[in-house]
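Close look at the chain arrangement
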Amino acid sequence: MEQTELHETRITPYQLFLTFSWITLSGFGGIMFWARRRLVERERWLTEQQFVELLTLGQLLPGPPGLNLTVMVGYRFGGWTGAAAAVGGFVGWPCLVVIGMGILYQHYGALAQVQRALAGMSIVAAGLLFATFVKVAKVLPRRSRPWLFVMLAFVGVGVLRWPLFWVVGALAPWALFAAWKEKV
Amino acid sequence: MDRVDLSALFLHSLVLWFVAVGGPSTILPDFHRYVVEAHHLMTSTEFAELYTLAQAAPGPNFMYVTLMGWHLAGWAGAATMTIPVLVPATTLSLLVGHMNERYPNAPIGRAIRRGMAPIAIGLTFASATILMRAVNHDWRGYLLTLVTIVVVLRTSWNPLWLLAAGALAGLLGLV
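Residues numbered from 1 in each chain as written. Chains lettered and ligands numbered in written order. Predicted model: local features only at pLDDT ≥ 70, side-chain atom pairs only at ≥ 80, totals over all residues.

Regarding the overall build of chain B
Helix and strand counts for chain B stand at seven helices and zero strands. Reading chain B from its N end, one meets helices and strands in the order α-α-α-α-α-α-α. On C-alpha atoms alone, chain B measures out to a radius of gyration of 20 Å, which is more than a quarter above the 16 Å that the 2.2 N^0.38 rule sets for 175 residues. Buried residues in chain B amount to 46% of all 175 residues. A fraction of 43% describes how many contacts in chain B between residues 6 or more apart in sequence connect residues 24 or more apart. (Helix = DSSP H or I, 4+ residues; strand = E, 2+ residues; numbered from the N terminus. Rg over C-alpha atoms; globule rule 2.2 N^0.38 Å. Buried ≥ 20, exposed ≤ 12 C-beta atoms within 10 Å, placed from the backbone. Contact = placed C-beta atoms within 7 Å.)

Structure (structure tokens):
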């Protein structure tokens with residue numbers, strides 16, 4: 001679990017910019033799948049464990065989880081300039097694309113087709129998110145307690161559809177207390 | 001339609017993003033309330049159309065705010081809606097990221113990373129389920145979701161092809 005040497009890696013801002021540009025431009029229907037694929041599988045900048053840690057922090061902090069992850073990865077490997085470069089790549093392109101789509105839409109309409117294509121794409125995107133879940137879940141220790149929290153969070157938000165804020169707020173103290181008591 | 005007060009819009013979304021734990025979809029109803037119901041800046045139909053259009057674009061799920069801003073007031077509007085998204089990430093996340101690098105072995109950091117990971121993973125599972133139920137109407141959709149999972153876990157094919165196939169299947173009315 002100790003991967004200290006990875007922390008020493010410095011990556012140029014340009015590389016961070018390119019990598020996060022690639023992640024964001026592949027990210028139809030969500031970016032987590034692509035972030036993991038690129039950062040863990042391709043570049044090997046992060047171990048599976050480290051990716052899960054940053055994903056966790058990204059989800060708990062306010063704001064979009066993907067953007068929070070981008071900032072933390074950029075900062076880890078390239079400091080301030082790295083974070084700025086990563087965010088530039090991550091947000092810059094989609095801004096241009098989305099505004100371009102807005103202009104096209106004003107001229108041509110065609111929302112019905114967009115809606116149908118989007119429906120098909122989202123079905124695949126849901127599958128990508130399931131696959132991401134399967135892959136990141138592998139880092140959890142094979143004990144009952146972590147899996148109990150997985151199930152409680154899933155049932156609260158995914159089945160009962162309670163507000164995420166309250167589900168996390170109710171589970172967090174227990175999860176933190178249990179992890180705090182755990183020996184290294 | 002009323003005139004857009006960009007500074008009020010900026011402040012409102014800034015506050016929203018600071019409480020938006022769990023991602024962009026949690027504050028969508030608040031944006032709707034603000035731009036459609038309270039300030040009459042666009043119709044509910046326009047709001048839904050812009051949201052749909054933005055979801056079809058690549059990138060993070062929050063790009064709908066950029067598109068809505070652009071629709072309201074051009075580039076200034078796009079900046080007004082986009083910059084507030086970046087503020088929590090570039091302040092709080094940067095600070096947390098910094099502390100995490102500086103004190104990797106601090107007990108509180110360790111407890112958060114280890115203890116909260118199962119909750120984050122459970123939330124990922126929940127998002128996948130919610131998305132799947134929202135978009136799938138019959139067995140063909142579920143089959144496509146299942147095929148995607150198998151392809152991703154068992155092969156090294158690039159899933160962009162699957163996304164393209166999904167979009168095509170949607171266009172042709174197959175799913």
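Now, onward.
Regarding the overall build of chain A
Looking only at helices and strands, chain A features eight helices and zero strands. Listed N to C, the secondary structure of chain A is α-α-α-α-α-α-α-α in terms of helices and strands. Across its three principal axes, chain A shows a C-alpha extent of roughly 60 × 45 × 25 Å. Here chain A, with 184 residues, has 51% of them falling under the buried criterion. Of the contacts formed within chain A by residues at least 6 apart in sequence, a portion of 57% connects residues at least 24 apart.

Here we look at helix 5 (residues 107–135) of chain B
If you check helix 5 of chain B, its first and last C-alpha atoms are 42 Å apart, about what 29 residues at 1.5 Å a residue would give, namely 42 Å. Residue Ala117(B) marks the point of greatest curvature in helix 5 of chain B, where the axis turns by about 40°; the proline Pro118(B) follows within four residues. (Expected span 1.5 Å × (residues − 1). Bend = angle between axes of the 7 residues up to and from the residue.)

Quick word on the nonpolar core
Grouped together as the largest cluster of nonpolar side chains are 108 residues, with contacts concentrated most on Ala86(A), Ala126(A), Leu129(A), Ala153(A), Leu67(B) and Ile119(B). The dominant element in this core, judged by the number of residues it contributes, is helix 5 (residues 65–108) of chain A, at 17 residues. Taken domain by domain, this core gets at least three of its residues from each of domain 1 (4–139) and domain 2 (142–184) of chain A. (Core = buried A, V, L, I, M, F, W, Y, C linked by C-beta atoms within 7 Å. Domains from an automatic or database assignment.)

Description of helix 2 (residues 13–26) of chain A
Helix length check: helix 2 of chain A, at 14 residues, gives a terminal C-alpha distance of 20 Å against a target of 20 Å (1.5 Å per residue), a fit within 8%. Residues of helix 2 of chain A that are buried in the fold lie against helix 3 (32–42) and helix 5 of chain A.

What about the domain arrangement of chain A?
The assigned domain composition of chain A is domain 1 (4–139) and domain 2 (142–184). Using only C-alpha atoms to locate each centre, domain 1 of chain A and domain 2 of chain A end up separated by 25 Å.

Brief notes about the interface of chain A and chain B
Taken residue by residue, the interface counts 84 residues in chain A and 84 residues in chain B. Within the residue set of the side of chain A that touches chain B, elements represented by two or more residues are helix 2, helix 4 (48–60), helix 5, helix 6 (111–137), helix 7 (144–159) and helix 8 (164–181) of chain A.

Re the packing of helix 2 of chain A against helix 3 of chain A
Packed helix pairs are specified by the crossing angle of their axes together with the interaxial distance, meaning the distance between the axes. Residues and elements named next belong to chain A. At a minimum axis separation of 8 Å, helix 2 and helix 3 run at an interaxial angle of 145°. Classified by chirality, the crossing of helix 3 by helix 2 is right-handed. Contacts between helix 2 and helix 3 pair Thr19, Trp22, Ile23 and Ser26 from the former with Trp34, Ala35 and Arg38 from the latter. Across the contact of helix 2 with helix 3, the residue classes break down as four nonpolar, two polar and one charged. (Axes fitted to C-alpha atoms, helices over the stretch in contact; angles between N-to-C directions. Left-handed = near helix turned anticlockwise from the far one by under 90°. Nonpolar A, V, L, I, M, F, W, Y, C, P; charged D, E, K, R; others polar.)

Overview of the confidence of the model for chain B
Predicted coordinates in areas of low pLDDT are best not read in detail. Per-residue confidence for chain B gives a mean pLDDT of 89, with 99% of residues at or over 70. Reported for the predicted complex are a pTM of 0.88 and an ipTM of 0.89. (pLDDT = per-residue confidence, 0-100.)

Observations concerning the packing of helix 5 of chain A against helix 4 (residues 63–102) of chain B
The contact between helix 5 of chain A and helix 4 of chain B brings their axes to 10 Å, and the two run at 165°. The angle between helix 5 of chain A and helix 4 of chain B falls in the class roughly antiparallel. Our pair here, helix 5 of chain A against helix 4 of chain B, has a crossing hand that is right-handed. (Parallel < 35°, antiparallel > 145°, perpendicular 65-115°, else oblique.)

Some words on the environment of Met81(B)
Tracing the backbone shows Met81(B) in helix 4. Each C-alpha atom, one on Met81(B) and one on Leu9(B), is 7.5 Å from the other, the two residues being 72 residues apart in sequence.

Re the environment of Arg44(A)
Position of Arg44(A) relative to the elements: it lies in the loop between helix 3 and helix 4. In this structure the C-alpha to C-alpha distance between Arg44(A) and Thr24(A), which are 20 residues apart in sequence, comes to 18 Å.

Topic: the confidence of the model for chain A
Residue and element names in this part refer to chain A. When pLDDT is averaged along chain A, the result is 89, and 95% of the positions lie at 70 or above. The secondary structure element of chain A with the lowest average pLDDT is helix 1 (residues 4–8), at 51, and the one with the highest is helix 2, at 96. Counting contacts from residues 1–6, a segment whose pLDDT is below 50, to residues more than four positions away or on other chains yields four contacts.

Side note on the environment of Ile83(B)
On the secondary structure map, Ile83(B) appears in helix 4. Taking the C-alpha atoms as reference, Ile83(B) lies 17 Å from Val35(B); in sequence the two are 48 residues apart.

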